[in-house]
Amino acid sequence: MTATKPSVTFPVAGMTCAACQARVQRALEHTPGVAGASVNLMLNNATVEYDPAATSVDRLIEAVRATGYDAELPRAGETAVSAQIDLDVEQAREYHSYRRKAIWSVALGAVAMLLSMPLMGHDAHGPTVDPLMRWVMVRLNPALEPLVPWAYRLDPTILRWTLLALTLFVMAWAGRHFYTRAWAALRHRSADMNVLVAVGTGAAFIYSVVATVAPELFTNRGLAPDVYFEAVVLIIALVLVGNTLEARAKRATTVALKQLIDLSPKMAAVLRKGMPVLTPIEQVVLGDRILVKPGERIPVDGQLVEGASAVDESMVTGEAMPVSKDAGGRVIGGTMNRTGSFTLRATAIGADSVLARMVGMMREAQSSRAPVQRVADRISAVFVPTVILIAGLTFIVWYLAAPAAPLIRAFAASLAVLIIACPCAMGLAVPTAVMVATGRAAELGVLIKGGEALERAGALTVLLLDKTGTITEGKPSVTDVVVAADGMTEAAVLGLAASVEQQSEHPLAESVVASARALGAPVEPVGHFRAVPGQGVTGSVGDRLVVIGTDRFLDEYGVSTEALAERIARLESDGKTTMYVAANGVLLGAIAVADRPRATTALAVQRLEQLGIEVVMVTGDRRATAEAVARAVGIAKVVAEVLPEGKVREVAARQTAGQVVGMVGDGINDAPALARADVGIAMGSGTDIAINAGQITVMRPDLTGVADAIALSRRTMQIMHQNLFWALVYNVIGIPIAAGALYPALGLMLSPVLASAAMALSSVSVVTNSLRLRRWRAPLK
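Since this is a predicted model, take the numbers as computed values, not measurements.

Draft legend 1. Broad picture of the overall build of the protein chain. On a plain count of helices and strands, the protein chain comes out with 29 helices and 28 strands. Within the span of the protein chain, comprising 781 residues, buried residues form 52% of the whole. Put simply, 69% of the contacts in the protein chain that link residues at least 6 apart link residues at least 24 apart. For the protein chain, the computed accessible surface area is about 34,000 Å², with 60% contributed by carbon and sulfur atoms.

Below is the structure:
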């Protein structure tokens, strides 16, 4: 889509599958004046770029409604926050509705199965006790054995009418939307899974009603008045279970946006006549002066006018190292103030803030990500009308050519075609593989949000890795201690530094203290502690004045650092942060701190490359630091010093070049790129926002989980294709037989009962094939 034309985003209701999305998108793209359209099934909306001189938003709404789906104009003044609240409510309502209907349908389906068992033992001449049915019932529950003879003495008529009432309730309440959506699709000359469900269950229901209301039509002609009510209920129940899982995935996708919005503080301490007054964030105006204390989130974007501090900007940069701020420095709303108090002047509020722009980027990224068309939906576009045509022709041929009872035989034959073509196996082909694969992935510590993420992960060609918390451990630790004075040891330098740093709140200080304690270095009490943000700290340890910090800071105390300059330069070239240590004017040594690569990262990179995936580091950190880490883990390409917008641009550029892009990250700053990528993979040790923005979460702090997810995805796609193949094979073979292809030569007809058995067999084969994924193991490392 071009960037020069205006765009509009509006909600679209009624979409349930990829075929629905594609139909709406085609209608919009073919509307005169439209430059481009993107329809999002997960967010239930459409974003359209158009020429106002050639069309209007009203015409776009009408184009959507003409396809059978509902759309409405965006509300005046609607913001990202209000739109998100509306979406949260709608998705919660959809999920709970599907879940309630699925639970009741499954329960009633089980009841229908039990009530149907005695009917399976009745033929045209009366009741018989089928040994197979007796065995099934006893196996289900040994206590049922005494009830078997009694069950088969139940009046078949009462059972049929009971099943009819139960099935009618399920169809009218739980399955109603399948029939209304199928009717809408047929009116607009299209077909989807709703049509398959409606045709299969509708035909079985009608046939069963006839057998219930007028069984003599069958028995007088030597036919058993079989009913298929339990099949109707179970088909609806299975599809509703799939709808519930999809609705839950939709909710998880959009939770990230809400959490990102929630980062902004609700109140700000605005200075009024020199005194701080708690003010709702909506009432803050440009130029207001705001007091921010240690441990508080910065309420708005601004510029420091008084004070100094260290600010944790990891939500923007992803880096664990706080950034020193003093007068004139700029800060970002939503970031965390760590050490000192300061006053800022508000420079950006509302939609102009960095946080608001990140929310906007995530919404745009999610709207522009077109889900992969589900294979079953693509097949159904041709399969459904073909089956209906065959069933209709079958009815006509048998009605005209049957030697006896033409109406009954024609109806039975056409019903057999519809039943054997029922979407049970096709509907199970993908969901069963997804359920088993995601369960197996969870055992391996990888959470995958549904079939779409599985399909996309297997097709990845490039993987962009954030550095901090993804490639590295995400927290600084001491890597080197350099001794400069005679008589000193590494433990002595580290212990002396830790004695002073134990009074500091800076993360670097925390790493020094932790390392000293781990090494067993002595940590002594400190007096007269003083911290200078961005420079260093001082304190008295016994009779020594200890100074720790930058070379400029030590220079103020008359301490030269020339003796270690060359060594320190080498450490810093490897991406390490250094601090000098002096006591009573004498340089004692230096300490280097860095965020170390995870122990398994190099192995993970090797496995990803063996899968044919290009691995790239994308980070907001300095190039020297990034390249040093990349060398250590075997990554050849590095994109450094980029903010969230830069990560999104990198993802988009590679997508434009035809690559299938995965993004792996753990921070708030990674969320927009995670949402924009074809597959967003979040590290479970990261923020909730990153986890909810991604489609895959690696729960263990180990990138080999990413390689596991991709390898499992590729295996799952093979299983899915096998499932669809077998589901279609049963139809390709069974439909002609059901239609009577063998009757002229062999006198054989496939009765609706056998058609139902064939349908069940196809479902069993699909489920059994999918269960093989439970034994999947990662390839040898």
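Draft legend 2. Representation of the packing of aromatic side chains. Taken as a whole, this structure holds six aromatic pairs when the rule is applied. Where phenylalanine 169 meets tryptophan 173, the ring centres are 5.6 Å apart and the plane angle is 20°; that geometry is what we call stacked. Pair noted here: phenylalanine 169 and tryptophan 173 are both in helix α6 (residues 156-173), with a separation of four residues, about one helical turn. With relative accessibility at 29%, the residue tryptophan 173 sits in the partly exposed group.

Draft legend 3. Looking closely at the environment of threonine 561. Examined against the element boundaries, threonine 561 turns out to sit in the loop between α20 (551-556) and α21 (565-573). Given the relative accessible area of 11%, threonine 561 is considered buried. Placed 21 residues apart in sequence, threonine 561 and alanine 582 show a C-alpha to C-alpha distance of 9.5 Å. If we ignore the near neighbours within four places in the chain, the residues touching threonine 561 are Asp551, Leu554, Tyr580 and Leu587.

Draft legend 4. Spotlight on a negative patch on the surface. A contiguous patch of negative charge, built from Asp551, Asp555, Glu556, Glu562 and Glu572, is present on the exposed surface. Residue contributions to the negative patch peak at three residues, all from α20. Looking at the secondary structure, you find aspartate 555 in helix α20. The class of aspartate 555 is exposed, set by a relative accessible area of 54%.

Draft legend 5. Fine view of helix α22 (residues 601-610). Taken residue by residue, α22 has Thr601, Ala604, Val605, Arg607 and Leu608 as its buried positions. Taken down its axis, α22 places every buried residue within 165° of arc, on the same side. Among the structural elements, β17 (462-465), α17 (467-471), β24 (614-618), α23 (623-633) and α27 (704-739) are those in contact with the buried residues of α22. Within two residues after α22, glycine 612 carries a phi angle of roughly 80°, on the positive side.

Draft legend 6. The pairing of strand β9 (residues 289-292), seen in detail. In β9, alternate side chains face the same way, and those of Ile290 and Val292 are buried while those of Arg289 and Leu291 on the opposite face are not. In the sheet, strand β7 (residues 267-272) pairs with β9 via two bridges, with the strands oriented antiparallel. Paired with alanine 269 across the two strands is leucine 291, which belongs to β9. The pairing of β9 with strand β15 (residues 342-348) spans four bridges and is antiparallel. Counterpart to leucine 291 in the pairing with β15 is threonine 343.

Draft legend 7. Geometry of the sheet that holds strand β26 (residues 661-665). In space, the seven strands of this open sheet follow the order β16-β28-β27-β26-β17-β24-β25, with mixed pairing throughout. Taken across any chain shown, the strands that pair with only one partner, and hence form the sheet edges, are β16 (446-448) and β25 (637-639). Across the sheet, the axes of successive neighbouring strands diverge by a mean angle of 20°, strand direction being ignored. The pairing of β24 with β25 spans three bridges and is parallel. What sits directly across from methionine 617, in β25, is valine 638. Seen against the sheet, α27 touches β16, β17, β26, β27 (679-683) and β28 (696-698) and runs at an angle of roughly 140° to β28.

Draft legend 8. Molecular detail of the pattern of salt bridges. According to the stated counting rule, one finds 13 salt bridges in the structure shown. With its nearest N and O atoms 3.2 Å apart, the salt bridge here joins glutamate 627 to arginine 623. You can see glutamate 627 and its partner arginine 623 sitting in helix α23, four residues apart, about one turn around the helix. For glutamate 627, a relative accessible area of 31% corresponds to the partly exposed category. For arginine 623, a relative accessible area of 34% gives the class partly exposed. Members of the salt-bridge network, linked through shared partners, are Glu62, Arg65 and Asp70.

Draft legend 9. Molecular detail of the side chain of glutamate 650. Turning to its location among the elements, glutamate 650 is positioned in helix α24 (residues 644-656). Glutamate 650 sits in the buried class, given a relative accessible area of 18%. Those residues in contact with glutamate 650, other than ones at most four positions away along the chain, are Leu464, Val618 and Val639.

Draft legend 10. Examining the pairing of strand β22 (residues 577-583) more closely. Among the seven residues that make up β22, six are buried, leaving the element largely enclosed by the rest of the structure. Sheet topology places β22 next to strand β23 (residues 586-594); seven bridges connect them, and they run antiparallel. In the sheet register, valine 581 faces β23, and the bridge partner there is glycine 589.

Draft legend 11. Region of the structure containing the confidence of the model for the protein chain. Scored by pLDDT, the protein chain has a mean of 80; 81% of the residues are at 70 or more. Looking across the protein chain, the model is least confident in strand β6 (residues 126-127), with a mean pLDDT of 40, and most confident in β9, with 96. A low-confidence stretch, residues 368-373 (pLDDT under 50), is modelled with 24 contacts involving residues beyond four sequence positions or located in other chains.

Draft legend 12. The arrangement of the packing of helix α18 (residues 490-501) against helix α19 (residues 507-519) in detail. Contact geometry of α18 with α19 gives a least axis separation of 8 Å together with a crossing angle of 130°. As summarised for this structure, α18 and α19 are arranged oblique, according to the angle between their axes. When the axes of α18 and α19 are compared, the crossing they make is left-handed. When α18 is examined against α19, the residues Ala491, Leu494, Ala497, Ala498 and Glu501 are found in contact with a partner set consisting of Ala509, Val512, Val513, Ser515, Ala516 and Leu519.

Draft legend 13. View of the sheet that holds strand β12 (residues 323-325). The strand order across the open sheet built from three strands is β12-β11-β14, with neighbouring strands paired in antiparallel fashion. Of all strands in the sheet, those bounded by a partner on one side alone are β12 and β14 (336-337).

Draft legend 14. Just the packing of α22 against α27, in detail. Interaxial distance between α22 and α27 falls to 8 Å at its minimum, and their mutual angle equals 20°. Considering their axes alone, α22 and α27 lie roughly parallel with respect to each other. The interaxial crossing formed by α22 with α27 has left-handed handedness. Note on element contacts: α27 touches α22 through Thr704, Val706, Ala707, Asp708 and Ile710, opposite Leu603, Ala604, Arg607 and Leu608. Partitioned by chemical class, the residues of the contact of α22 with α27 number six nonpolar, one polar and two charged.

Draft legend 15. Fine view of a nonpolar patch on the surface. A grouping of Leu389, Leu393, Ile396, Tyr399, Leu400 and Leu407 is seen on the molecular surface, where their side chains present a nonpolar patch of about 650 Å² in accessible area. Mapped onto the elements of the fold, leucine 389 is located in helix α13 (residues 375-401).

Draft legend 16. Region of the structure containing unusual backbone geometry. For lysine 273, which is not glycine, the phi torsion reads 55° and is therefore positive. With respect to the element layout, lysine 273 can be found in the loop between β7 and β8 (275-280). Overall, the relative accessible area of 88% leaves lysine 273 in the exposed class. Positive phi values are uncommon outside glycine, yet asparagine 584 reaches one of about 50°. Looking at the element boundaries, asparagine 584 is found in the loop between β22 and β23. Looking at asparagine 584, the relative accessible area reads 47%, which means it is partly exposed.

Calculation rules
Residues numbered from 1 in each chain as written. Predicted model: local features only at pLDDT ≥ 70, side-chain atom pairs only at ≥ 80, totals over all residues. Heavy atoms only, no water. Helix = DSSP H or I, 4+ residues; strand = E, 2+ residues; numbered from the N terminus. Buried < 20%, exposed > 50% of the residue type's maximum accessible area, 1.4 Å probe, protein only. Contact = heavy atoms within 4.5 Å. Areas by Shrake-Rupley, 256 points an atom, 1.4 Å probe, with all protein chains shown as cover. Phe/Tyr/Trp six-rings, centres within 6.5 Å; stacked < 30°, edge-to-face > 60°. Patch = residues over 30% accessible without salt bridge, like charges linked within 9 Å, V, L, I, M, F, W, Y side chains within 5 Å. Salt bridge = Lys/Arg side-chain N within 4 Å of Asp/Glu carboxyl O. Lys, Arg positive; Asp, Glu negative; His and termini not counted. Charge placed at Lys NZ, Arg CZ, Asp CG, Glu CD. Arc of directions from axis to C-beta. Pairing = 2+ DSSP bridges. Axes fitted to C-alpha atoms, helices over the stretch in contact; angles between N-to-C directions. pLDDT = per-residue confidence, 0-100. Parallel < 35°, antiparallel > 145°, perpendicular 65-115°, else oblique. Left-handed = near helix turned anticlockwise from the far one by under 90°. Nonpolar A, V, L, I, M, F, W, Y, C, P; charged D, E, K, R; others polar.

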